[in-house]
Amino acid sequence: MTLAATFLVGAKGRLLPASVPFRFFAAAATFHLLLWLLLLIGAGDAVSFQGGTGPALAAVHLLTLGMLTTTAIGASVQLLPVATRRPLAAAWPIKLVFWLAVPGLAALIVGMYSANVGVLIPAAAVTTTGLLLFAALLADNLRRAEALPVVAAYGWAALGALVLLLGLGMALAIDYRIGVLPDHRAATLAHMILGGFGLMGLLAIGFSHVLVPMFALSAAPAKRPAFVGFGLAAAAVAIGVAGALTDSTELLTAATLIGLVAAGLHLWLMHRVLATGMRKRLGLSFGLIRAAWVMLPVTLVLGLATVHGLAGPRGPTLFGFMLIGGWLLTFLLGILQRILPFLASMHVTRTAGAAPPMLSELAASGPLKVHAACHAAALAALALAIVTDSAALFGLGSAVGLAGAIAFAWFTADVIRRLAHVPTKWAPFLR
Amino acid sequence: MGCARPGDGSRLWQTPEAAHIDLRGLDPPEPMVTILQMIDAGEVEGVVVAHFDREPIFLYPELDDRGWSHELIADSCGQVGCEADVQLRLVRLP
């Protein structure tokens, strides 16, 4: 390859075919729909859920594995190689991740929903295999990366959490058949901490250090406070997991307090980024992101109250809901609606001198407004339903959430549809 | 079109064809923010060649909004250090 051709390849040389990351986004949008549908169907079970198989457990994993993790995979396989200037080895491993993790997850949901351990265990094994493969690919990319040290640190910590999370997940599945765990409930709490605060939380905070400045046209946070924040966040997760496994109120309290300091530092850094940014009007997506930022310390305070028995009998349910629904899902949806059109635009071929498609040509804003309104209303309704133990209100909120998820799926499908009609180097659905 | 900085190491230099700005070695999103600050402050006019470590995909809509065209160009400096660089030719539209 000539030097000139090397230059012209640029980022596209580091890109996978569009269908590879976008199949994960399409799967996430589908799981998002199924999540709200399952919450609607299982409202009576979900409103007071604190563990155990059934519709609520299935819904939780539709959110965590189905929505959050598949989105994280799709975004990271597309963005990280560009950001780190290190391509992924090839497309087939990521395709294999998809064909293991997504069908595995679908079977896992069936197993959880129907309390069928005969399905649950092999499905967990298949899903775990797919996600471990992703972890290996991501680790290889991070290992060779030279830039973004703060993001890389969070990435490594999140990967560590993922491996532990998967191990605990398999153990929890097997424990339903044969009792391999001394305390199933303690392991469940550790699994939740590793998933919510470990994998997804660390990824969300880590990527925020580059995405939020990018959207606000601002400098990235200073490295020293950013690394302090990372250290506190990672310590909080580690101590929290230890506290969960040992059923230690002291360790859980310490983890929560350290987590609050980490959260406060992160929010201060983000506040500084927005305050010094060139762009002040950030749009609907940042409405969701700001709401998620409020939910983070609220979740931790609620967790602290729950540990000390001050949050009432519904405390654990509300804590779990605020963690994965109030904070993580809201944050992810805010980022996703901002970033999907950009990710689509990366695959548009631009001939020399030709203008790229405007982002407005790659996304419609109407569905996003519908989604944001429904999402906010649904979260408020579900939180109130949990506090008042109202299955009817929970069902109503879930129906509103489902309407929002339909709107978001429409937006996702519309991006893919418009991408397919703009001249591209690869036809996304032919691969 | 040269891709090497002047001997004094400054990031901004002029050739007969264009003003050059070297944004390599900066972590995202500093390259994008730097070039946009220069554009908004009127520090660059006409034709600018910006040198990046990675294609600045998030920069393109911002340039469109500000009335600047952009195209990836090949480098002909032949220097080993340029191999992994991305050059963007920016032109203020009338």
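Given the structure is predicted, the values throughout are model-derived calculations rather than measurements.

Enquirer: I tried to follow the overall build of chain B on my own but got confused; where do I start?
Expert: Along chain B, the regular secondary structure elements total two helices and five strands. The burial tally for chain B puts 50% of its 94 residues in the buried class. Taking the contacts inside chain B whose residues are at least 6 apart along the sequence as the reference set, 61% of them involve residues at least 24 apart. A total of about 3900 Å² of accessible surface is found on chain B, and carbon and sulfur atoms cover 52% of it.

Enquirer: Would you mind showing me how to read the overall build of chain A here?
Expert: When you go through chain A residue by residue, the secondary structure sums to 14 helices and zero strands. Element order for chain A, N to C, with α for helix and β for strand: α-α-α-α-α-α-α-α-α-α-α-α-α-α. Taken across its 431 residues, chain A has 58% of its residues classed as buried. Residue pairs in contact within chain A that sit at least 24 positions apart in sequence constitute 80% of those at least 6 positions apart.

Enquirer: Looking at this structure, I do not really get the packing of helix α8 (residues 184-216) of chain A against helix α10 (residues 249-275) of chain A. What am I missing?
Expert: For any two helices packed against each other, one specifies the inter-axial angle together with the distance between the axes. Residue and element names in this part refer to chain A. Direction vectors running N to C along α8 and α10 enclose 15°, while the axes themselves pass 10 Å from each other. One finds that α8 runs roughly parallel with respect to α10. Between α8 and α10 lies a crossing whose hand is left-handed. In this structure, α8 contributes L189, I193, I205, S208, H209, V212, P213 and A216 to the contact, and α10 contributes L252, H266, L269, M270, V273 and L274. Within the contact of α8 with α10, the residues separate by chemical class into 11 nonpolar, three polar and no charged.

Enquirer: Is there a simple way to explain the nonpolar core in this structure?
Expert: Within soluble globular proteins, side chains that are nonpolar generally end up buried alongside one another. By size, the foremost hydrophobic cluster in this structure holds 166 residues, and its most contacted members are A:F22, A:F394, B:I35 and B:F58. Looking at this core, the element that brings in the most residues is helix α12 (residues 315-345) of chain A, giving 19 residues. Here B:F58 is in contact with A:L79, A:M214, A:F215, A:I339, A:F342 and B:M32, once residues within four sequence places are set aside.

Enquirer: How should I be thinking about a nonpolar patch on the surface in this particular structure?
Expert: A cluster of nonpolar side chains, contributed by A:L34, A:L37, A:L40, A:I41 and A:Y113, occupies part of the molecular surface with about 410 Å² of accessible area. Note on placement: A:L34 falls in helix α2 (residues 19-41).

Enquirer: Teacher, can you tell me more about the packing of aromatic side chains here?
Expert: Ring pairs (aromatic) are described by centroid distance and by the angle formed between their planes. Enumeration over the complete set of coordinates arrives at 10 aromatic pairs over all chains. Here the aromatic cluster, defined as three or more aromatic residues joined through ring pairs, consists of A:F215, A:F286, A:W293 and B:F58. Between A:R23 and the ring centre of A:F98, over which it is positioned, the NZ or CZ distance is 5.5 Å. When the ring centre of A:F215 is taken as origin, the NZ or CZ atom of A:R338, which lies over that ring, is 5.1 Å away.

Enquirer: What should I look at first to understand unusual backbone geometry in this one?
Expert: Note the cis peptide between B:P28 and B:P29, where omega equals 0°. Within the secondary structure, B:P29 is located in the loop between β2 (19-22) and α1 (30-40). Within the chain, A:L217 stands out as a residue other than glycine whose phi angle is a positive 55°. Here A:L217 shows up in the loop between α8 and α9 (223-246).

Cut-offs used in this document
Residues numbered from 1 in each chain as written. Chains lettered and ligands numbered in written order. Predicted model: local features only at pLDDT ≥ 70, side-chain atom pairs only at ≥ 80, totals over all residues. Heavy atoms only, no water. Helix = DSSP H or I, 4+ residues; strand = E, 2+ residues; numbered from the N terminus. Buried < 20%, exposed > 50% of the residue type's maximum accessible area, 1.4 Å probe, protein only. Contact = heavy atoms within 4.5 Å. Areas by Shrake-Rupley, 256 points an atom, 1.4 Å probe, with all protein chains shown as cover. Axes fitted to C-alpha atoms, helices over the stretch in contact; angles between N-to-C directions. Parallel < 35°, antiparallel > 145°, perpendicular 65-115°, else oblique. Left-handed = near helix turned anticlockwise from the far one by under 90°. Nonpolar A, V, L, I, M, F, W, Y, C, P; charged D, E, K, R; others polar. Core = buried A, V, L, I, M, F, W, Y, C linked by side-chain atoms within 4.5 Å. Patch = residues over 30% accessible without salt bridge, like charges linked within 9 Å, V, L, I, M, F, W, Y side chains within 5 Å. Salt bridge = Lys/Arg side-chain N within 4 Å of Asp/Glu carboxyl O. Phe/Tyr/Trp six-rings, centres within 6.5 Å; stacked < 30°, edge-to-face > 60°. Lys NZ or Arg CZ within 6 Å of the ring centre and 35° of its normal.

So, to be careful, I would describe these as geometric facts and stop short of saying anything about function.
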